[in-house]
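Read off the chains here:
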Amino acid sequence: QVQLVESGGGLVQAGGSLRLSCAASGRTFSNYIMGWFRQAPGKEREFVAAINWGGGSTYYADSVKGRFTISRDNAKKMVYLQMNSLKPEDTAVYYCAGRSDSSFSELFRGEADAWGQGTQVTVSS
C-alpha cells in the first residue's frame, strides 16, 4: 500500500499555470497506475488525468486535454500535474490517487487503492 500527499495548490489568475505534486511512500509505487481527480463545491468528484507505470501512456478528461500534463518520476516516487491556461472552472480540490493493478477503467471511475488528502486550486477570473 502506498500513502499519497499532494502539494502545489494555490490561487492563480485565469490563464496562469500551476504544478501539482503528489509524493508517494511505500515500496511498490512503481507498480501503481496513478491519476488525478478533482471535486468542485457542490459537484461530484471527476477524473482529470491518469498515467501508467512507466509514464509512456497518459489519459485526460476532454475538459483538460491540451492544457494539463500528467507525469511521474518513479525514482523520486512523485506524480505531477502541470496545469496551463487555467480557467475559473478548473477551481476545485485536486486529489492524487493510485491503483495497484492495470485497470484504468476502474481508476477512471474513481475506484482507487490509495488517495491523497487533496490540495485546493482556485482560479480567479
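Here, every reference points to the structure presented above.
Residues numbered from 1 in each chain as written. Predicted model: local features only at pLDDT ≥ 70, side-chain atom pairs only at ≥ 80, totals over all residues. Heavy atoms only, no water.

K.L.:
How would you explain the overall build of the protein chain if you had to name every residue and give the values?
P.N.:
From N to C terminus, the protein chain includes one helix and 11 strands. Taking 14 Å as the expected radius of gyration for a compact globule of 125 residues, we find that the protein chain reaches 13 Å, a close match to that expectation. Seen through its principal axes, the protein chain has C-alpha atoms that stretch 40 × 25 × 25 Å. Put simply, the protein chain has 125 residues, and 46% of those count as buried. Of the roughly 6,100 Å² that the protein chain leaves accessible, carbon and sulfur atoms contribute 46%. Charged side chains in the protein chain number 13 positive and 11 negative. The centres of these two groups are separated by 5 Å. (Helix = DSSP H or I, 4+ residues; strand = E, 2+ residues; numbered from the N terminus. Rg over C-alpha atoms; globule rule 2.2 N^0.38 Å. Buried < 20%, exposed > 50% of the residue type's maximum accessible area, 1.4 Å probe, protein only. Areas by Shrake-Rupley, 256 points an atom, 1.4 Å probe, with all protein chains shown as cover. Lys, Arg positive; Asp, Glu negative; His and termini not counted. Charge placed at Lys NZ, Arg CZ, Asp CG, Glu CD.)

K.L.:
Explain the packing of aromatic side chains to me, and be specific about the residues and the numbers.
P.N.:
Counted by the stated rule, this structure contains seven aromatic pairs. Centroid distance Tyr59 to Phe108: 5.6 Å. Interplanar angle 65°. Geometry classified as edge-to-face. Taken together, the residues span a long stretch of sequence, with Tyr59 in strand S6 (residues 58–60) and Phe108 in helix H1 (residues 104–108) at a distance of 49 residues. Classification of Tyr59 by relative accessible area gives partly exposed; the value is 32%. Following the ring pairs from residue to residue traces out a cluster consisting of Phe37, Phe47, Tyr59, Tyr95, Phe104, Phe108 and Trp115. Taking the ring centre of Tyr80 as reference, the NZ or CZ of Arg19 above it sits at 4.2 Å. (Phe/Tyr/Trp six-rings, centres within 6.5 Å; stacked < 30°, edge-to-face > 60°. Lys NZ or Arg CZ within 6 Å of the ring centre and 35° of its normal.)

K.L.:
How would you summarise the nonpolar core if you had to cite specific residues and measurements?
P.N.:
Core analysis: the largest hydrophobic core is formed by 38 residues, its most contacted members being Met34, Trp36, Leu81, Met83 and Tyr94. Among the elements that line this core, the one with the most residues is strand S5 (residues 46–51), at five residues. Excluding its chain neighbours within four sequence positions, the residues that come into contact with Leu81 are Leu18, Arg19, Leu20, Trp36, Val48, Ala49, Phe68, Thr69, Ile70 and Tyr94. (Core = buried A, V, L, I, M, F, W, Y, C linked by side-chain atoms within 4.5 Å. Contact = heavy atoms within 4.5 Å.)

K.L.:
Summarise the sheet that holds strand S7 (residues 68–73); cite the residues concerned and give the values.
P.N.:
Pairing within the open sheet is antiparallel, and its four strands lie in the order S1-S3-S8-S7. Taken across any chain shown, the strands that pair with only one partner, and hence form the sheet edges, are strand S1 (3–7) and S7. When the angles between neighbouring strand axes are averaged without regard to direction, this sheet yields 15°. The pairing of S7 with strand S8 (residues 78–83) spans six bridges and is classified as antiparallel. Across the sheet, residue Thr69 finds its bridge partner in S8, namely Gln82. (Pairing = 2+ DSSP bridges. Axes fitted to C-alpha atoms, helices over the stretch in contact; angles between N-to-C directions.)

K.L.:
Can you lay out the environment of Arg67 for me, pointing to particular residues and giving the numbers?
P.N.:
Tracing the sequence through the fold places Arg67 in the loop between S6 and S7. Classification of Arg67 as buried rests on a relative accessible area of 11%. In this structure the C-alpha to C-alpha distance between Arg67 and Asn84, which are 17 residues apart in sequence, comes to 5.1 Å. A distance of 2.9 Å separates a polar side-chain atom of Arg67 from the backbone oxygen of Ser63. (Polar contact = N/O pair within 3.5 Å; in protein donor to acceptor, adjacent residues only side chain to side chain.)

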